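Survey of secondary and tertiary structure
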Amino acid sequence: TYRTQLGNNGANTVSAYFDGNSTTAFTVAGVRAAKHEEDINAGLNLVFEDAGSLFIGYQGTLRSGFNSHGLNLGIRLEF
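Residues numbered from 1 in each chain as written. Predicted model: local features only at pLDDT ≥ 70, side-chain atom pairs only at ≥ 80, totals over all residues. Heavy atoms only, no water.

According to the stated counting rule, one finds one salt bridge in the structure shown. Across the salt bridge formed by Arg63 and Glu37, the nearest N and O atoms sit 3.2 Å from each other. One end of the pair, Arg63, is in strand β5 (residues 52–63); the other, Glu37, is in strand β4 (residues 36–48), with 26 residues separating them in the sequence. A single burial state applies to Arg63 and to Glu37, both of which are buried. (Salt bridge = Lys/Arg side-chain N within 4 Å of Asp/Glu carboxyl O. Helix = DSSP H or I, 4+ residues; strand = E, 2+ residues; numbered from the N terminus. Buried < 20%, exposed > 50% of the residue type's maximum accessible area, 1.4 Å probe, protein only.)

Attention now goes to the sheet that holds strand β6 (residues 66–77). In a beta sheet, neighbouring strands are held together by backbone hydrogen bonds and run either parallel or antiparallel to one another. Taken in spatial order, the four strands line up as β1-β4-β5-β6 in an open sheet, and their pairing is antiparallel. The sheet is open, and its two borders are formed by β1 (2–4) and β6, each paired with just one other strand. Recorded for the sheet is a direction-independent mean angle of 10° between the axes of neighbouring strands. Judged from the 12 bridges that link them, β5 and β6 form a sheet pairing that is antiparallel. In the strand pairing of β6, Ser53 is matched with Arg76. (Pairing = 2+ DSSP bridges. Axes fitted to C-alpha atoms, helices over the stretch in contact; angles between N-to-C directions.)

Little of β6 is tucked away: zero of the 12 residues are buried. Between β5 and the antiparallel strand that follows it, β6, lie two residues; Gly65 among them carries a positive phi value of about 85°.

For the coordinates displayed, the defined rule picks out one aromatic pair. Consider the rings of Phe18 and Phe26, whose centres lie 5.2 Å apart with planes at 25°: the pair is stacked. When the ring centre of Phe55 is taken as reference, the NZ or CZ atom of Arg76 above it lies at 4.3 Å. (Phe/Tyr/Trp six-rings, centres within 6.5 Å; stacked < 30°, edge-to-face > 60°. Lys NZ or Arg CZ within 6 Å of the ring centre and 35° of its normal.)

Below, the structure is given as structure tokens:
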């Protein structure tokens, strides 16, 4: 997926409270979104007739100032 920002860049902070109590305020600051971003998801699933399957997957986010990569793999057994 390719994304591009249209318009202005929104805020990168979120303010919140615990149980609606304003004395427990806290703010979380995130990484500001880039103008262009690529999101990549790819995977392979190898299925054996009655035995199960093996799988591997990749998830990535690429943008200026932030890159994230993830890999998951596993086995599924049928019995």
